[in-house]
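# Structural overview
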Amino acid sequence: EPAVSATSMLVVLPLPRVLTVVPALGPARGGTRITVHGKFISSDSRTVSSVGRGRVSVEVYVGGSLCVESSFSSSSTGDTVVCTAPPGLGSSSVSVNVSDSILSRGGYLQNAYTYAVLAVAGASGTAGFLSAAAGIGAAVLADGGCTDTGGDLR
């Protein structure tokens with residue numbers, strides 16, 4: 001009789017890490033193209049594919065809502081996902097979920113993206129964003145200036 005042997009392979013994949021989000025501020029209505037820089041987002045999809053685990057998907061969430069129109073790239077310096085931010089309010093965490101047919105894992109960066117409301121003031125119609133994030137008490141003007149409001153804008 002032929003001998004029966006079983007071979008198992010254990011693949012250990014690190015959790016994705018979100019390092020930065022650029023830009024870190026956008027309008028509450030959403031629609032801003034953001035770039036999420038991180039590590040282990042792909043976790044070397046070549047390894048995952050070689051063990052027959054199927055297609056790997058990468059999803060980005062801002063404040064718990066799915067970021068749409070995403071594209072992924074990987075290089076020797078790290079991984080990048082570019083996507084369109086959904087509508088939201090205040091300071092939000094950005095999370096990345098990497099999944100395949102067997103395993104799902106994620107990582108996040110707390111308070112990585114802030115939704116702001118556009119305000120127009122003054123006779124000249126100067127526009128700027130007012131942040132509703134805790135601890136931020138300033139209006140960032142379109143011309144790059146900053147107006148201190150002296151407290152939280154809630």
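Residues numbered from 1 in each chain as written. Predicted model: local features only at pLDDT ≥ 70, side-chain atom pairs only at ≥ 80, totals over all residues. Heavy atoms only, no water.

## Regarding the nonpolar core
Note that soluble globular proteins tend to have their nonpolar side chains buried in a common cluster. Our working definition: For our purposes a nonpolar core is just a set of buried Ala, Val, Leu, Ile, Met, Phe, Trp, Tyr and Cys residues, chained together by side-chain atoms within 4.5 Å. Summary of the burial criterion: residues with accessible area below 20% of their type's maximum are buried, those above 50% are exposed, and those between are partly exposed, where the area comes from a 1.4 Å probe applied to protein chains only. Helix numbers and strand numbers start at the N terminus; a helix is a DSSP run of H or I with at least 4 residues, a strand a run of E with at least 2.
By size, the foremost hydrophobic cluster in this structure holds 18 residues, and its most contacted members are Val-21, Ile-34, Val-36, Val-60, Val-94, Val-96 and Tyr-113. Those elements giving two or more residues to this core turn out to be strand 1 (17–22), strand 3 (33–39), strand 4 (57–62), strand 7 (78–84), strand 8 (91–99) and strand 9 (104–121).

## Points about unusual backbone geometry
Of the consecutive residues Val-22 and Pro-23, the connecting peptide bond is found in the cis state with omega at -10 degrees. The phi angle at Phe-40 is positive, at roughly 60 degrees, despite the residue not being glycine. Structurally, Phe-40 can be placed in the loop between strand 3 and helix 1 (45–50). The phi dihedral of Asn-111 is positive, around 50 degrees, even though this residue is not glycine. In this fold, Asn-111 is placed in strand 9.

## Observations regarding the packing of aromatic side chains
Condition: The aromatic pairing rule takes the rings of Phe, Tyr and Trp, using the six-membered ring of Trp, and pairs them if the centres are within 6.5 Å, calling planes under 30 degrees apart stacked, those over 60 edge-to-face and the rest tilted.
Considering all chains together, one arrives at 1 aromatic pair under this definition. For the ring pair Tyr-113 and Tyr-115, a centre distance of 5.1 Å and an interplane angle of 85 degrees mean the geometry is edge-to-face. Owing to a relative accessible area of 0%, Tyr-113 belongs among the buried residues under this scheme. Of the residues examined, Tyr-115 reaches a relative accessible area of 2% and is grouped as buried.

## What to know about the state of the cysteines
Quick reminder of the rule: Criterion for a disulfide: a pair of cysteine sulfur atoms within 2.5 Å.
Throughout the structure, instances matching the rule amount to 1 disulfide. Disulfide pairing places Cys-67 opposite Cys-83 at an S-S distance of 2.1 Å. The sign of the 90 degrees torsion about the S-S bond sets the Cys-67-Cys-83 disulfide as right-handed. Pair noted here: Cys-67 is in the loop between strand 5 (65–66) and strand 6 (68–75) and Cys-83 is in strand 7, with a separation of 16 residues, a long-range link.

## Focus: the side chain of Thr-32
In this structure, Thr-32 sits in the loop between strand 2 (25–27) and strand 3. The exposure class of Thr-32 is buried, given its relative accessible area of 16%.

## Concerning the pairing of strand 6
Inclusion rule: The rule for pairing is simple: two strands pair if DSSP sees at least two bridges between them.
Taken together, the 6 bridges between strand 6 and strand 7 define a ladder with antiparallel strand orientation. Of the residues in strand 7, the one forming a bridge with Phe-72 is Val-81. Count of turn residues in the strand 6/strand 7 antiparallel hairpin: 2 residues.

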